[in-house]
Amino acid sequence: MTRSITLLGATGSIGASTLDLIRRDREQWDVEALTANCSAQELAKLAREFDAKVAVVGDESCLAELREALTGTGIEAAGGEAALCEAAARQTDFTVAAIVGCAGLRPVMKAIERGGILALANKEALVSAGDIMTAAVREHDVCLLPTDSEHNAIFQCLAGNNFADVAKITLTASGGPFRTWSQEQLESAKPDQAVAHPNWDMGAKISVDSATMMNKGLELIEAHYMFPVGLDRLQIVVHPQSVIHSMVEYRDRSTLAQLGPSDMRVPIASCLAYPHRMDTPMEPLNLAEIGELTFFEPDEERFPATRLARNALLAGGGTPAVLNAANEVAVGAFLDGQIGFTRIAAVVEEMLNRYAAQPPSTLEDVLAIDADVRIRAAEVLESYALV
Ligand code: NDP
């Protein structure tokens, strides 16, 4: 039986992994909508290949290019945030949310309001609007499938168990490319070094988040909303091999772990096939070849981001949205060569100290905090500029 699917963020790293799996199982899927921000040529190519009904660019200035590239295909082209939301609201069985950043929040909420199955990779949306999004998921009876590898691992380890029996959920972290770097080395880390992740091939923003450990901080908040066992039962351990993707310990001291190759096609496949299983093109895990699995405590002196995220979650209300928006601005500035690597966490910390967000009650409140923090964080950046 074919199922219809919409892919928000089709031209990104998660988008490519998802479409690779769909390509291998083409007759199972009807592609409804594919979206990007401004990669019009790439999006048009994918829309043609997968015979999408509609292709949407978030940046309206790229719509003319998309239209031209789709001339004669019969595929509808649209642009702008409202068009992204309309695409997300179209009737489909399955949505993959893989836009990067809080830019994905409004479309994700539209997909939730429509109902059905939502595979969520766009962690920044959940971090920014945790209570509002989880309430909407319950209200619209959405099947929310965690796509982030750690959360997908936890989801698999939790199957058939009660939250009440969970003693501890452990998120594993690779530690990123700078795990063994000294503070002095970190001060001069360059964008190309930060995006060169040792185990995972990902988009630029999440690669930098991995290098600062903010990715794990965001994931801690994501885990808090997806698996409400209490912050005191969530912990992080550094595991450089990225073979164990996370673990759940139960009160009888039995710990379940999910292992697999460091390839996002594994968790994405688990979502696409849920509640069943499907083939993936990955080689089987060869533990004898891997040889050793090692674990370390996170070092929050060199990598303060996990502390900032935990504190933001404890502060509650709009603070996680502040953390996320400040981080998005700071990561962008680092990638543009405007600030040094260690300034990313410094900018986030300063914004958390400066900005007291009112607890948001609606999506619009969250988006207002996000917009406000972006303006103010840009001012903070000036005092941290490299030149
Ligand atoms: P990429 O940067 O590779 O791709 C992002 C996608 O979002 C692209 O399709 C991009 O379009 C689109 N996009 C960017 N900005 C906007 C915008 N303002 N409006 C609409 N669309 C936009 O990111 P990743 O695939 O790496 O990550 C996507 C999400 O998944 C992130 O939230 C990330 O944290 C999460 N994730 C990623 C993992 C990975 O392995 N990559 C692992 C776990 C989670 P365009 O090409 O036109 O710029």
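For the structure itself, consult the block above.
Reading guide: rules and limits
- Residues numbered from 1 in each chain as written.
- Predicted model: local features only at pLDDT ≥ 70, side-chain atom pairs only at ≥ 80, totals over all residues.
- Heavy atoms only, no water.
- Helix = DSSP H or I, 4+ residues; strand = E, 2+ residues; numbered from the N terminus.
- Contact = heavy atoms within 4.5 Å.
- Areas by Shrake-Rupley, 256 points an atom, 1.4 Å probe, with all protein chains shown as cover.
- Lys, Arg positive; Asp, Glu negative; His and termini not counted.
- Charge placed at Lys NZ, Arg CZ, Asp CG, Glu CD.
- Disulfide = S-S within 2.5 Å.
- Phe/Tyr/Trp six-rings, centres within 6.5 Å; stacked < 30°, edge-to-face > 60°.
- Buried < 20%, exposed > 50% of the residue type's maximum accessible area, 1.4 Å probe, protein only.
- Axes fitted to C-alpha atoms, helices over the stretch in contact; angles between N-to-C directions.
- Parallel < 35°, antiparallel > 145°, perpendicular 65-115°, else oblique.
- Left-handed = near helix turned anticlockwise from the far one by under 90°.
- Nonpolar A, V, L, I, M, F, W, Y, C, P; charged D, E, K, R; others polar.
- Near = heavy atom within 4 Å.
- Polar contact = N/O pair within 3.5 Å; in protein donor to acceptor, adjacent residues only side chain to side chain.
- Core = buried A, V, L, I, M, F, W, Y, C linked by side-chain atoms within 4.5 Å.
- Pairing = 2+ DSSP bridges.
- Right-handed = clockwise from strand over helix to strand, strands pointing away.

Caption draft 1: Here's a closer look at the overall build of the protein chain. Counting secondary structure elements, the protein chain contains 18 helices and 11 strands. Once the C-alpha set of the protein chain is aligned to its principal axes, its extents read approximately 55 × 50 × 40 Å. The contacts in the protein chain between residues at least 6 apart in sequence include a share of 68% that link residues at least 24 apart. Counting only carbon and sulfur atoms, one obtains 48% of the accessible surface of the protein chain, whose full area is about 16500 Å². In the protein chain, 31 positive and 53 negative side-chain charges are present, and the distance between their average locations comes to 2 Å.

Caption draft 2: Focus on the state of the cysteines. Tallied over the full model, the rule gives 1 disulfide. For Cys-38, the disulfide goes to Cys-62, at an S-S distance of 1.6 Å. The sign of the S-S torsion, about -80°, decides the handedness of the disulfide formed by Cys-38 and Cys-62: left-handed. Of this pair, Cys-38 sits in the loop between β2 (29–36) and α2 (40–50) while Cys-62 is found in the loop between β3 (54–57) and α3 (63–69), placing the two residues 24 residues apart along the sequence.

Caption draft 3: Focus on the packing of aromatic side chains. This model, assessed by the stated rule, comprises 5 aromatic pairs. Consider the rings of Phe-178 and Phe-341, whose centres lie 4.9 Å apart with planes at 90°: the pair is edge-to-face. One end of the pair, Phe-178, is in the loop between β8 (166–173) and α9 (183–187); the other, Phe-341, is in the loop between α16 (319–335) and α17 (343–354), with 163 residues separating them in the sequence. Comparing Phe-178 with Phe-341 shows no difference in burial state: the two are buried. Consider the rings of Phe-334 and Phe-341, whose centres lie 5.6 Å apart with planes at 70°: the pair is edge-to-face. Phe-341 gets classed as buried once you look at its relative accessible area, which sits at 4%. Taken together, the ring pairs in this structure connect Phe-178, Trp-181, Phe-334 and Phe-341 into an aromatic cluster.

Caption draft 4: Quick peek at the packing of helix α12 (residues 214–226) against α16. In contact at an axis separation of 12 Å, α12 and α16 are set at 155° when each is read in the N-to-C sense. Classified by the angle between their axes, α12 and α16 sit roughly antiparallel to one another. Crossing geometry of α12 relative to α16 is assigned as left-handed. Touching Met-214, Leu-218 and Ile-221 of α12 are Pro-320, Leu-323, Asn-324 and Asn-327, all from α16. Looking at the contact of α12 with α16 residue by residue, the class counts come to 5 nonpolar, 2 polar and no charged.

Caption draft 5: The arrangement of the site of the ligand in detail. Taken together, 24 residues are adjacent to the ligand, and Thr-11, Asn-37, Cys-38, Ser-39 and Glu-124 come closest. Measuring from an oxygen atom of the ligand, one finds a backbone N or O atom of Gly-203 at 2.9 Å. Those elements that place two or more of their residues in the shell around the ligand are α1 (13–23) and α6 (123–128). Residues of the shell around the ligand, tallied by class, amount to 13 nonpolar, 8 polar and 3 charged.

Caption draft 6: Representation of helix α4 (residues 81–89). For α4, every residue scored as buried is listed here: Ala-83, Leu-84, Cys-85, Ala-87 and Ala-88. Against the buried residues of α4 lie β1 (3–8), β2, β3, β4 (76–79) and α5 (105–114).

Caption draft 7: Representation of the nonpolar core in the model. In this structure, Leu-105, Ile-112, Phe-178, Leu-323 and Ile-339 are the most contacted members of the largest nonpolar core, which totals 94 residues. Counting residues per element, this core draws most heavily on α16, which supplies 10 residues. Not counting chain neighbours up to four residues away, the residues in contact with Phe-178 comprise Leu-186, Ala-189, Lys-190, Gln-193, Ala-194, Ala-211, Arg-302, Phe-303 and Phe-341. Formed by 41 residues, the second largest nonpolar core is a distinct cluster that contains Leu-34, Ala-36, Trp-200 and Met-264.

Caption draft 8: Focus on the sheet that holds strand β10 (residues 244–250). Ordered by their spatial adjacency, 4 strands build an open sheet running β9-β8-β10-β11, and the pairing between neighbours is mixed. Looking at the sheet topology across the chains shown, the edges are occupied by β9 (234–238) and β11 (255–259). Put simply, the sheet's adjacent strands are angled 20° from each other on average, direction ignored. Inspection of the sheet shows β8 paired to β9 by 5 bridges, in the parallel sense. From the neighbouring strand, Thr-170 faces β9, where its bridge partner is Gln-235. Running over the sheet, α12 touches β8 and β9 and is turned about 150° from β8.

Caption draft 9: Structural view of the sheet that holds β4. On the basis of which strands lie adjacent, the open sheet formed by 7 strands has the order β4-β3-β2-β1-β5-β6-β7 and parallel pairing. Of all strands in the sheet, those with a lone pairing partner are β4 and β7 (143–146), marking the two edges. Averaged over all pairs of adjacent strands, the angle between strand axes in this sheet comes to 20°, irrespective of strand direction. For β1 and β2, the ladder comprises 5 bridges, and the chain directions are parallel. Across the sheet, Ser-4 pairs through a bridge with Asp-30, a residue of β2. Sheet strands in contact with α5 are β1, β5 (94–97) and β6 (117–120), and its direction is about 155° off that of β6.

Caption draft 10: Molecular detail of the pairing of β2. The buried fraction of β2 amounts to 7 of the 8 residues, a majority that puts the element mostly inside the structure. With α1 bridging β1 and the parallel β2, this β-α-β connection has right-handed handedness. Between β2 and its parallel partner β3, the chain crosses via α2, and the hand of that crossover is right-handed.

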